[in-house]
Amino acid sequence: MPQVIAAVVAVFNAVGAWYAGLSTLAAFAVQTMVVFGVSKIMTNRAMGGLSQSEGGARVQLPPATNNVLPIVYGKAYVAPVITDAKISTDQKTMWYVCTLSEYTDSTPGSTFTFGNIYWNGAQVNGISGSSSTVTSTTNNAGQTDNKMAGKINIYKFPNGSSSGTNTGGLTAIQILSDISIQANVRWNSTLYTANGQSADMTNTAFLIVKVQYNNDAGTTGLGSLMVELTNSVTKPGDVILDYMLNTRYGCAIPPSRIDTASLADLNTYSDQTITYTPTGGGTATQARYRINGPVNVTNNCLQNLQQIADACDSWLQYSDIEDKWKMVINKPYDASPNAVTTADLYHVKSAYDDTDANLVGGININPIDLNATYNSLQVAYPNENVRDQTDYQIFDFTAPGTAWYNPALLSPNEPDNKLDVDFPQVNNYIQSAYLGVRRLLQSREDLVVNFQTDYSGIQVEAGDVIRITSADYGWDVAGGFPDGKLFRVSQVQELKDESGSLFAKIQAFEYNGTVY
């Protein structure tokens, strides 16, 4: 496990996070009202441990009719799905079709490239440039073995059968129509070409592995493969747009139903750099958010979108008014892009506090139980330094002698309560810790409010930060809140009573700018 405490302490002096508990709250009832949805943010969060098969591409799968391909974004180490196999008529040579990922055809100009390839945990050598012949393997101890030299060929195809990069101009169809393969099962046979079909492997990234049987060399079958695969689509906004649009592996959402401006803003925010202290000392920077990992297409679309949103500390929002999906970035309201001032925030005021009142009725407050307040964190993520094997980082406010021990953050007699989160599309240990600690600290902001305003409140969107002035709760000048107390909105609904009057019903959770 990387030693990252020193690095993370420097990053997280002031960070904010997701709120993990909103889904358990019940909205207050409104009598004789008709309720229309306006906008809401999806707040379910992935919890629990990360299995090694998370993402659908980290365990090699044998041939099966119910196998599906993942879609890989950014860089990831993935194991193949075996989609076809051939044997020579003398039974001395095997060809395996090892399929890795769908291709991102919803993003023009996207590219897949292959990095290192591992056979039974040892790095394969010789497969570079135009060469397809394995010359040796090197294990984790740095020991080189050349017994396999000349016995294995690996052909790379980043996008379909005609995309070979080290095949000498041969297509996959030509390679798998070798004269030593039985004629009626070659890829150019009627088995594959009947009724106008062909083995084009359209929109897939795959390998063909040719193995010559040799007991002394240990080449008696296909080894366990792990392949470093990189998709040029890695910025969160680009990833979400690609997945939303795609009709093959994604959500098939029409472009008119997607707020692309919010995705461009997400890319802008993700490109901003964060500074951290590496384990060796000094300082370093990296882009705030990137997506690196496979998306398991057997999950439903909403699950996958929320998982990607987790990896860039954002919320998925749906607006009934605009009939569009958009992303809401969890960031300070006064930070770019789209920075605003405190005076610009929608201001909720009651008649007791201001003659220009817009609050209808009271404010319902739902504090979080102390037993549900988290004070330690375990982050699971696929660590790129160990080929995306699951790694863990632990941060504990309650453990004396650790860098995170800070009694000032704890309430009296607060019980130990660990938050488990996982980020299957984050293989960078700085980003995974950054995200996890933001969520931990935000979870300690323990107020959720529900209230109703006049129709002016309909201008508020889920994800907006608002301010509330209330003398009853001390959220005024006398209570130390000259601008009111800040909350982030999680849901807005339009209400209509029997007389036809319109109101806005708002649910929001506590905002604390000091934790960003």
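No experiment lies behind these values; they were computed from the predicted model shown.

Visitor: How would you summarise the confidence of the model for the protein if you had to cite specific residues and measurements?
Guide: Looking at the protein, pLDDT values average 87 and 88% of them are 70 or higher. Under a pLDDT of 50 for its full length, residues 1-33 has, in the predicted model, 100 contacts with residues more than four places off or in other chains. In the model, residues 46-56 has pLDDT below 50 throughout and makes 36 contacts with residues more than four positions away in sequence or in other chains.

Visitor: Provide a residue-level description of helix 4 (residues 236-245), including the pertinent values.
Guide: With seven of ten residues buried, helix 4 lies mostly within the body of the structure. Taken together, the buried positions of helix 4 are occupied by Pro236, Gly237, Val239, Ile240, Asp242, Tyr243 and Met244. Where helix 4 is buried, its residues contact strand 2 (71-73), helix 5 (260-271), strand 15 (293-295), helix 6 (301-310), strand 16 (314-319) and strand 17 (324-329).

Visitor: For the packing of aromatic side chains, give the residues involved together with the corresponding values.
Guide: Describing an aromatic ring pair means giving the distance of the ring centres and the angle of the ring planes. Per the stated rule, a full pass over the model turns up eleven aromatic pairs. With a centroid separation of 4.7 Å and 5° between ring planes, the pair formed by Phe157 and Phe206 is classed as stacked. Taken together, the residues Phe157 in strand 10 (residues 152-157) and Phe206 in strand 11 (residues 204-212) connect sequence positions 49 residues apart. Ring geometry for Tyr269 and Tyr289: centres 6.2 Å apart, planes at 50°, overall tilted. Remark: Tyr289 occurs in the loop between strand 14 (284-287) and strand 15 and Tyr269 occurs in helix 5; sequence separation between them is 20 residues.

Visitor: Tell me about the pairing of strand 7 (residues 122-125), and name the residues and values.
Guide: When strand 6 (residues 112-119) meets strand 7, the two strands line up antiparallel, connected through two bridges. Residue pairing in the sheet places Tyr118 in a bridge with Gln123 of strand 7. In this antiparallel pair of consecutive strands, strand 6 and strand 7, the connection spans two residues, and Asn120 shows a positive phi of 50°. Relative to strand 8 (residues 136-138), strand 7 runs antiparallel, the two being bridged by three bridges. Within the sheet, the bridge partner assigned to Gln123 lies in strand 8 and is Thr138.

Visitor: Would you mind going over the packing of helix 4 against helix 6 in detail, with residue names and values included?
Guide: Contact geometry for helix 4 and helix 6: axes closest at 10 Å, N-to-C directions at 175°. Between helix 4 and helix 6, the interaxial angle falls into the category roughly antiparallel. On helix 6, the residues touching Val239, Ile240, Tyr243 and Met244 of helix 4 are Cys301, Asn304, Leu305 and Ile308. Of the residues that constitute the contact of helix 4 with helix 6, the class distribution is seven nonpolar, one polar and no charged.

Visitor: Break down the sheet that holds strand 21 (residues 389-396) for me, with residues and values.
Guide: Spatial strand order, 21-20-22: three strands in an open sheet with mixed pairing. With partners counted over all chains shown, the strands left at the sheet margins are strand 21 and strand 22 (418-422), one partner each. Between one strand axis and the next, the sheet turns through 20° on average, direction left out of account. Where strand 20 (residues 376-383) meets strand 21, eight bridges bridge the pair, whose relative direction is antiparallel. Residue pairing across strands places Ala380 opposite Tyr392, the latter belonging to strand 21. Docked against the sheet, helix 7 (residues 429-443) engages strand 20, strand 21 and strand 22, running at close to 150° with respect to strand 20.

Visitor: Give me the lowdown on the environment of Asn67, citing residues and values where you can.
Guide: With respect to the secondary-structure elements, Asn67 resides in the loop between strand 1 (34-42) and strand 2. When neighbours within four sequence positions are excluded, Asn67 is seen to be in contact with Leu61, Pro62 and Val81.

Visitor: Quick rundown of the sheet that holds strand 12 (residues 225-231)? Include the residues and the values.
Guide: Ordered in space as 3-12-6-7-8-9, the six strands form an open sheet in which the pairing is antiparallel. Edge positions in the open sheet fall to strand 3 (75-78) and strand 9 (144-145), since each of these has one partner strand only. By the bridge criterion, four bridges tie strand 3 to strand 12 in an arrangement that is antiparallel. Among the inter-strand pairings, Lys75 is bridged to a residue of strand 12, identified as Thr230.

Visitor: Give a detailed account of the layout of surface pockets, specifying residues and quantitative values.
Guide: By volume, the largest pocket is sized at about 540 Å³. Residue lining of the largest pocket: 25 residues in total, with Lys331, Asn338, Gly463, Asp464 and Val465 positioned closest to the centre. Counting residues per element, the ones that place at least two in the lining of the largest pocket are helix 5 and strand 17. Residue contributions to the lining of the largest pocket peak at four residues, all from strand 17. For the lining of the largest pocket, the class distribution of residues is twelve nonpolar, five polar and eight charged.

Visitor: How would you sum up helix 7? Please name residues and give values.
Guide: In this model helix 7 runs 21 Å from its N-terminal to its C-terminal C-alpha over 15 residues, within 8% of the 21 Å that 1.5 Å per residue would give. Counting buried positions along helix 7 yields 15 of 15 residues, so the element is predominantly enclosed. Of the residues that open helix 7, the one with a side-chain oxygen 3.1 Å from the backbone nitrogen of Ile430 is Asn428.

About the criteria used
- Residues numbered from 1 in each chain as written.
- Predicted model: local features only at pLDDT ≥ 70, side-chain atom pairs only at ≥ 80, totals over all residues.
- Heavy atoms only, no water.
- pLDDT = per-residue confidence, 0-100.
- Contact = heavy atoms within 4.5 Å.
- Buried < 20%, exposed > 50% of the residue type's maximum accessible area, 1.4 Å probe, protein only.
- Helix = DSSP H or I, 4+ residues; strand = E, 2+ residues; numbered from the N terminus.
- Phe/Tyr/Trp six-rings, centres within 6.5 Å; stacked < 30°, edge-to-face > 60°.
- Pairing = 2+ DSSP bridges.
- Axes fitted to C-alpha atoms, helices over the stretch in contact; angles between N-to-C directions.
- Parallel < 35°, antiparallel > 145°, perpendicular 65-115°, else oblique.
- Nonpolar A, V, L, I, M, F, W, Y, C, P; charged D, E, K, R; others polar.
- 1 Å grid on protein atoms, 1.4 Å probe; cavity = no way out; pocket = protein on both sides within 12 Å on 5 of 7 lines; lining within 4 Å.
- Points joined across faces, edges and corners; volume = space filled by probe spheres on them.
- Expected span 1.5 Å × (residues − 1).
- Polar contact = N/O pair within 3.5 Å; in protein donor to acceptor, adjacent residues only side chain to side chain.

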